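Examining the three-dimensional arrangement
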Amino acid sequence: MLEPKVKVKRVLFFDSGVGGLSVYRAVKELNNEIEAYYLFDNECFPYGNKTESFLIERIEKLIEAACKRYELSAIVVACNTASTVALPELRCHIKLPIVGVVPAIKPAAKLSKNKVIGILATPGTISRKYTQDLIDSFASDCKVIKVGNANLAVIAENRLTTGKVDKKAITKILEPFINAPIVPDTVVLGCTHYPFVKDVIQEVMPETRLVDSGEAIGRRVKTVIKESTTIETREKLDRAFYTGDLENFDDRLQMVRKFGFKKLEKFEL
């Protein structure tokens, strides 16, 4: 006898790696009823050092394939680099609600007392016009110190998988903030990987407030899924998918299970 169907809001979370799990975690806290599918592009990780043309084509191809393969209610692009480069193209070709993640420059500027803020992100996000437009619109009254580093996402990814973190390397990355004439009192974590090393960053810069977009994305998803398609399924099952080959599959499986995902499956284009 078949089990009765359950109704869910199925949300696809997309990132280059497992950093987007910080966004997934924040969204899930406010939207426990969703069924989450998490797709990470392991084959092309990290995104921070890739060209815009490559990323637009790659991201669009993967998300369109996921939309054709799975019935979805909404999509969360849980990656700052992907969001700042590919959201317009995605919204042109995909009719589902799409929520992106952009650096939390607006709240950081409001919170700053000394009007010196830092932006810590990948080189791609730092250099992108989208980011500069946010600064011009919301932080024109602030001194903004930008630090772009692709390795911090790798450090965070490794910590999630192995539990080990390179504090010395993180301290080195943060030197432009620490050695500035006026140290920023607020720093934007402009990559979804960075909340997973937030405690280490805070330890190195104890007087600085760290700001990310997780909670705001959770509230936005709560709004958009109210009107999105409801999916009928036999059972509610959170699933994780990866591209390419995972050398440390067992470690990654154990890690995603800690976030509530039952399966880790290869995603073939």
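Note: the structure precedes this text.
I will try to describe carefully the structure that is included in this document. Nothing here was measured: the structure is a model prediction, and the numbers come from that model.

**Quick look at the overall build of the protein**
- Helices and strands together make up the secondary structure of the protein, namely 12 helices and 11 strands.
- For a compact globule of 269 residues, the expected C-alpha radius of gyration is about 18 Å, and the protein comes in at 18 Å, within 12% of that figure.
- When its C-alpha atoms are laid out on the principal axes, the protein stretches across 70 × 35 × 35 Å.
- Across the 269 residues of the protein, 56% fall into the buried class.
- Of the contacts made within the protein by residues no fewer than 6 positions apart, 76% connect residues no fewer than 24 positions apart.
- Element-wise, carbon and sulfur atoms account for 50% of the exposed surface of the protein, whose accessible area totals about 12600 Å².

**Thoughts on empty space enclosed by the protein**
- A complete count under the given rule lists 1 cavity of 30 Å³ or more for this structure.
- Counted as a void, the largest cavity has a volume near 70 Å³.
- Taken together, 14 residues line the largest cavity, and the ones lying closest to its centre are Ser 16, Cys 79, Thr 81, Thr 122 and Cys 191.
- Looking at side-chain class alone, the lining of the largest cavity contains 6 nonpolar, 7 polar and 1 charged residues.

**Things to note about the environment of Tyr 242**
- Among the structural elements, Tyr 242 can be located in strand β10 (residues 239-242).
- Beyond its immediate sequence surroundings of up to four residues, Tyr 242 is in contact with Leu 39, Phe 40, Asn 42, Phe 249, Leu 264, Glu 265, Lys 266 and Phe 267.

What counts, and at which threshold
- Residues numbered from 1 in each chain as written.
- Predicted model: local features only at pLDDT ≥ 70, side-chain atom pairs only at ≥ 80, totals over all residues.
- Heavy atoms only, no water.
- Helix = DSSP H or I, 4+ residues; strand = E, 2+ residues; numbered from the N terminus.
- Rg over C-alpha atoms; globule rule 2.2 N^0.38 Å.
- Buried < 20%, exposed > 50% of the residue type's maximum accessible area, 1.4 Å probe, protein only.
- Contact = heavy atoms within 4.5 Å.
- Areas by Shrake-Rupley, 256 points an atom, 1.4 Å probe, with all protein chains shown as cover.
- 1 Å grid on protein atoms, 1.4 Å probe; cavity = no way out; pocket = protein on both sides within 12 Å on 5 of 7 lines; lining within 4 Å.
- Points joined across faces, edges and corners; volume = space filled by probe spheres on them.
- Nonpolar A, V, L, I, M, F, W, Y, C, P; charged D, E, K, R; others polar.

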